[in-house]
Amino acid sequence: MKQILVTGGTGYIGSHTVVELQNAGYDVIIVDDLSNSSIDVIDNIEKITGKRPDFEKFNLADAAKTDDFFNRHQDISAIIHFAASKAVGESVQIPLHYYRNNLVSLMNILDCQLKYGVSNIVFSSSCTVYGQPDKLPVTEKTPRKDAESPYGNTKRVNEDILQDTIKAYPQLKGIALRYFNPIGAHPSALIGELPLGVPQNLVPFITQTAAGLRDELKVFGDDYDTPDGSAIRDYINVVDLAKAHVIAIERLLENKNKAGYEVFNLGTGNGYSVLEIVKGFEKATGVKLNYKIVARRAGDIEKIWADTTYANEELGWKAEKGLDETLLSAWNWEKRVRGIE
Ligand code: UD1
């Protein structure tokens with residue numbers, strides 16, 4: 001059985017991907033420093049799949065620990081690298097932390113891949129690399145723009161680090177997956193998104209408002225050039241997203257990739273406005289949301305959604321879950337975490 005290293009595997013997208021990898025028959029070893037996740041996630045993954053992933057706690061920006069790990073685990077076939085700091089606002093306050101954590105960890109992993117002969121890596125990137133595109137929907141060929149935040153810049157620079165390293169060392173192969181807006185939770189409600197402190201992202205803020213943890217949702221801006229004036233994003237179910245990682249791993253392991261370094265957009269191809277998400281949540285769950293329109297949030301773009309043709313055709317992957325089901329799964333997760341019947 002092939003073993004896959006999942007860095008950041010106790011985090012939101014990482015944990016869902018571990019479940020799908022195990023369901024597909026892979027052995028998984030997780031490395032996570034638990035800076036933004038809980039060790040309990042391992043128990044819940046085991047409850048879902050019946051298999052307990054291996055786990056080691058350390059930060060991959062530590063070169064010595066990373067080297068020691070790869071030295072002890074020479075049976076790893078591929079890596080999915082999720083581990084990173086991801087709070088956009090915080091990255092503006094403490095940029096050096098973001099650059100060090102996010103860039104150095106990837107470089108340490110690539111060093112070890114070369115040293116210990118691990119060919120394959122999937123990198124967790126973001127549609128943030130497109131900024132506000134001139135033309136919608138965005139394809140993988142849409143030019144990248146200057147990042148709005150140090151966080152966004154780490155995604156862009158890490159893509160370049162990966163691409164340049166693969167170019168220099170043809171024994172390496174890598175896929176960067178550009179996620180649009182991942183939302184929702186596993187249908188079991190055993191794993192999901194659990195932000196520390198006040199949520200920055202829309203759907204966790206919505207579910208926490210519905211659960212009574214927050215007084216009201218602030219809708220950032222209703223004066224955008226969109227049909228209802230609120231900003232548009234491409235919201236993708238996290239389980240659909242996780243499944244794309246399994247396909248990317250198979251593509252690398254079976255040498256089906258067309259180039260050493262490849263990039264795929266992972267979205268649904270549909271854009272929804274913030275107000276459509278609010279209404280969609282109320283409809284899917286029957287819970288009324290207290291919300292108010294406020295000024296735009298600094299750094300937000302107006303609208304983006306994916307052209308998914310390349311991922312659909314080349315990976316044979318398509319987002320399957322609808323918005324209602326996805327929003328309901330987010331609510332079921334929040335209810336379980338808060339003990340709401
Ligand atoms: C942000 C990041 C993106 C990152 C992603 C996941 C930016 C520009 N992009 O995406 O790089 O990968 O988070 O962490 O920061 N909204 C509200 N009220 C809220 C929260 C959000 O109206 O309380 C609105 C936002 O203005 C936006 C939409 O909801 O229009 C989605 O916001 P969010 O979930 O934070 O994701 P992004 O900003 O798209």
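Residues numbered from 1 in each chain as written. Predicted model: local features only at pLDDT ≥ 70, side-chain atom pairs only at ≥ 80, totals over all residues. Heavy atoms only, no water.

## Side note on the overall build of the chain
Here comes step 1: Along the chain, the regular secondary structure elements total 11 helices and 13 strands.
Here comes step 2: Its C-alpha radius of gyration of 19 Å places the chain within 12% of the 20 Å reference for a compact globule of 341 residues.
Here comes step 3: Here the C-alpha coordinates of the chain stretch approximately 55 × 45 × 40 Å along the principal axes.
Here comes step 4: Counting over 341 residues, the chain shows a buried share of 52%. (Helix = DSSP H or I, 4+ residues; strand = E, 2+ residues; numbered from the N terminus. Rg over C-alpha atoms; globule rule 2.2 N^0.38 Å. Buried < 20%, exposed > 50% of the residue type's maximum accessible area, 1.4 Å probe, protein only.)

## Structural notes on the layout of surface pockets
Here comes step 1: Volume-wise, the second largest pocket comes out at about 270 Å³.
Here comes step 2: In terms of lining residues, the second largest pocket is bounded by T139, E140, K141, R144, E159, D160, Q163, R178, Y261, E262, V263 and Y310.
Here comes step 3: When contributions to the lining of the second largest pocket are tallied by element, the ones reaching two or more residues are α6 (150–168) and β11 (261–266).
Here comes step 4: Per-class residue counts for the lining of the second largest pocket are 3 nonpolar, 2 polar and 7 charged. (1 Å grid on protein atoms, 1.4 Å probe; cavity = no way out; pocket = protein on both sides within 12 Å on 5 of 7 lines; lining within 4 Å. Points joined across faces, edges and corners; volume = space filled by probe spheres on them. Nonpolar A, V, L, I, M, F, W, Y, C, P; charged D, E, K, R; others polar.)

## Comments concerning the packing of aromatic side chains
Here comes step 1: All chains considered together, the criterion is met by 5 aromatic pairs.
Here comes step 2: Seen from their ring centres, F69 and F70 are 5.6 Å apart, and the 90 degrees between their planes marks the pair as edge-to-face. Here the two residues F69 and F70 agree in accessibility, since each one is buried.
Here comes step 3: In this structure an aromatic cluster arises from ring pairing among F58, F69 and F70.
Here comes step 4: Lying across the ring of Y224, R296 places its NZ or CZ 4.0 Å from the centre. (Phe/Tyr/Trp six-rings, centres within 6.5 Å; stacked < 30°, edge-to-face > 60°. Lys NZ or Arg CZ within 6 Å of the ring centre and 35° of its normal.)

## Points about helix α9 (residues 274–285)
Here comes step 1: Between its first and last C-alpha, α9 extends 17 Å over 12 residues, near the 16 Å set by a 1.5 Å rise per residue.
Here comes step 2: Of all the 12 residues making up α9, 9 are buried; the element is thus mostly covered by neighbouring parts of the structure.
Here comes step 3: Regarding α9, the residues found buried are V274, L275, I277, V278, G280, F281, E282, A284 and T285.
Here comes step 4: Structurally, α9 contributes buried residues whose contacts are with α7 (202–210), β8 (217–220), β10 (235–237), β12 (272–273), β13 (291–294) and α11 (323–338).
Here comes step 5: Just downstream of α9, G286 is the residue with a positive phi angle, here 75 degrees. (Expected span 1.5 Å × (residues − 1). Contact = heavy atoms within 4.5 Å.)

## Observations regarding empty space enclosed by the protein
Here comes step 1: One pass over the structure, following the stated rule, counts 1 cavity of 30 Å³ or more.
Here comes step 2: Looking at the largest cavity, its volume works out to about 70 Å³.
Here comes step 3: Residue assignment for the lining of the largest cavity shows that the elements contributing at least two residues are α7 and α11.
Here comes step 4: Residues that form the lining of the largest cavity fall into these classes: 5 nonpolar, 2 polar and 2 charged.

## Thoughts on the site of the ligand
Here comes step 1: Taken together, 20 residues sit near the ligand, with L202, K218, R233, R297 and D300 positioned nearest.
Here comes step 2: Contact between the ligand and T128: an oxygen atom at 3.3 Å from a side-chain N or O atom of the residue.
Here comes step 3: The separation between a nitrogen atom of the ligand and a polar main-chain atom of K218 is 2.6 Å.
Here comes step 4: Considering the ligand on its own, with 740 Å² of exposed area, one finds that the protein chains cover 89% of that surface.
Here comes step 5: Along the lines of polarity and charge, the residues of the shell around the ligand split into 10 nonpolar, 6 polar and 4 charged. (Near = heavy atom within 4 Å. Polar contact = N/O pair within 3.5 Å; in protein donor to acceptor, adjacent residues only side chain to side chain. Areas by Shrake-Rupley, 256 points an atom, 1.4 Å probe, with all protein chains shown as cover.)

## Quick notes on the pairing of strand β4 (residues 76–81)
A regular strand places its side chains on the two faces of the sheet in alternate fashion.
Here comes step 1: Burial analysis of β4 places 6 of its 6 residues in the buried class, the great majority of the element.
Here comes step 2: Pairing between strand β1 (residues 3–7) and β4: 5 bridges, direction parallel. Bridging across to β4, T7 finds its partner in H81.
Here comes step 3: One ladder, built from 4 bridges, connects β4 with strand β5 (residues 120–126); its direction is parallel. Within β5, the residue paired with A78 across the bridge is N120. (Pairing = 2+ DSSP bridges.)

## Quick notes on unusual backbone geometry
Here comes step 1: Of the consecutive residues L136 and P137, the connecting peptide bond is found in the cis state with omega at -5 degrees.
Here comes step 2: For L34, which is not glycine, the phi torsion reads 60 degrees and is therefore positive.
Here comes step 3: Looking at where L34 falls in the secondary structure, it is placed in the loop between β2 (27–31) and α2 (40–49).
Here comes step 4: For A189, which is not glycine, the phi dihedral falls at a positive 65 degrees.
Here comes step 5: Here A189 is to be found in the loop between β7 (181–183) and α7.
Here comes step 6: Assessed through its relative accessible area of 7%, A189 is described here as buried.

## Observations concerning helix α1 (residues 12–23)
Here comes step 1: For α1, spanning 12 residues, the distance from its first C-alpha to its last is 17 Å, which sits close to the expected 16 Å at 1.5 Å a residue.
Here comes step 2: Most of α1 is tucked away, with 11 of its 12 residues classed as buried.
Here comes step 3: Among the residues of α1, those classed as buried are Y12, I13, G14, S15, H16, T17, V18, V19, E20, L21 and Q22.
Here comes step 4: Of the residues flanking the end of α1, it is G25, one or two places downstream, whose phi is positive at about 100 degrees.

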